[in-house]
Amino acid sequence: MAGGNLGSTTVTGLSGRNTYYFRTKAKNSYGTSDPSSSTSIFLPATPSAPPAPTYYDAQKSAINLGFGTPSDLGGASSVTDEEWQYSIDSGTTWNSSSNPPFRVTNGYLTENGVYRGYVYIFSEHTAGVPLTIRTRSSNGTFWSPWSAGTTATIYQTPSAPTNFQLNNVFTSTTMTWNPPSYLGGQTIVDYEYSYKPS
């Protein structure tokens, strides 16, 4: 280090999970000063990958996924940030969550006294197309590896059956119809009918 007013240097080769104490001395042609007061810094390591997101439930036109916390925070005391990505091709291609083509609400909730991230994904994502979510966590210095992915699917109510017709024979009638034009992402498993006299 050199200079009359301001000195700086970079120390490399330090190891994570350690607290380091630093101090400095000034030196000129007449000798070396006493050391400055020491300052400490803790350097965390890279956290482990968090568990795969927890699939809580599928509500009408939405899915709810909760984010877990890495089992090893690299020596840090807490997670400071989380990030997630999504895939619509089973993890072949991952897309940033910064501007997804569907409506999202995400934040934090308390579960058993622990703050956990969550995400709600709404119906602008195509119903019936599986959506895979993965997440990673930061301890303020390093990002963890990505978690394994969790796959969930949004489903919606189908549209009404089409081409509904009645064929009367004496005191009975036969109803016929075609499937809905929109299936809501699932196959139709049953139909219901109702009637009333005039």
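One can find the structure itself at the top, above this paragraph.
The model shown is predicted, which means the values in this text are computed figures rather than measured ones.

Criteria and cut-off values
- Residues numbered from 1 in each chain as written.
- Predicted model: local features only at pLDDT ≥ 70, side-chain atom pairs only at ≥ 80, totals over all residues.
- Heavy atoms only, no water.
- Helix = DSSP H or I, 4+ residues; strand = E, 2+ residues; numbered from the N terminus.
- Core = buried A, V, L, I, M, F, W, Y, C linked by side-chain atoms within 4.5 Å.
- Buried < 20%, exposed > 50% of the residue type's maximum accessible area, 1.4 Å probe, protein only.
- Contact = heavy atoms within 4.5 Å.
- Patch = residues over 30% accessible without salt bridge, like charges linked within 9 Å, V, L, I, M, F, W, Y side chains within 5 Å.
- Areas by Shrake-Rupley, 256 points an atom, 1.4 Å probe, with all protein chains shown as cover.
- Salt bridge = Lys/Arg side-chain N within 4 Å of Asp/Glu carboxyl O.
- Pairing = 2+ DSSP bridges.

(A) Up close: the environment of Glu82. Examined against the element boundaries, Glu82 turns out to sit in strand β7 (residues 81-87). Once the C-alpha coordinates of Glu82 and Trp143 are considered, the two residues, 61 residues apart in sequence, prove to be 8.8 Å apart.

(B) Highlighting the nonpolar core. Within the largest apolar cluster, nine residues are counted, these being Ile63, Leu65, Phe67, Trp84, Tyr86, Leu131, Ile133, Ala152 and Ile154. Elements supplying a minimum of two residues to this core: β6 (62-66), β7 and β11 (131-138).

(C) Looking closely at the environment of Ala127. Structurally, the position occupied by Ala127 is in the loop between β10 (114-122) and β11. Residue classification places Ala127 among the buried positions, given a relative accessible area of 12%. Measuring from C-alpha to C-alpha, the distance between Ala127 and Thr157 comes to 9.7 Å, with 30 residues separating the pair along the chain. Ignoring any residue separated from it by four or fewer positions in sequence, one finds Ala127 in contact with Ile154, Tyr155, Gln156, Tyr182, Gly184 and Gly185.

(D) Summary view of the side chain of Ser144. Positionally, Ser144 belongs in the loop between β11 and β12 (150-152). Residue class for Ser144 comes out buried when judged on its relative accessible area of 4%.

(E) Geometry of a nonpolar patch on the surface. Together, Phe164, Leu166, Trp177, Leu183, Ile188 and Tyr191 make up an exposed nonpolar region whose accessible area comes to about 530 Å². Along the chain, Tyr191 turns up in the segment after β14 (172-178).

(F) How the structure looks around the side chain of Ser147. Tracing the backbone shows Ser147 in the loop between β11 and β12. Among the residues examined, Ser147 registers a relative accessible area of 7% and is labelled buried. Setting aside residues no more than four positions away along its own chain, Ser147 makes contact with Ala49, Pro50, Pro51, Ala52, Pro53, Arg134 and Thr135.

(G) Quick peek at the pairing of β7. Within β7, five of the seven residues are buried, leaving the element largely enclosed by the surrounding structure. The pairing of β7 with β11 spans seven bridges and is classified as antiparallel. Residue pairing for β11: Gln85 is matched across the bridge by Arg134. Here β7 pairs with strand β8 (residues 95-96) via two bridges, running antiparallel. Opposite Gln85, over in β8, you have Ser96 as the bridge partner.

(H) Structural view of the sheet that holds β12. Taken in spatial order, the four strands line up as β8-β7-β11-β12 in an open sheet, and their pairing is antiparallel. Two strands close off the open sheet at either side, each with one partner strand: β8 and β12.

(I) Spatial organisation of the pattern of salt bridges. Counted under the stated rule, the structure contains two salt bridges. One salt bridge in this structure joins Arg17 and Asp72, with 2.6 Å as the shortest N-O distance. Taken together, the residues Arg17 in the segment before β1 (18-22) and Asp72 in the loop between β6 and β7 connect sequence positions 55 residues apart. Among the residues examined, Arg17 registers a relative accessible area of 43% and is labelled partly exposed. For Asp72, a relative accessible area of 27% puts it in the partly exposed group. A salt bridge links Glu83 to Arg136; the shortest N-O distance between them is 2.7 Å. Note that Glu83 is positioned in strand β7 and Arg136 in strand β11, a separation of 53 residues in sequence. Relative accessible area serves as the criterion here: at 29%, Glu83 is assigned to the partly exposed category.

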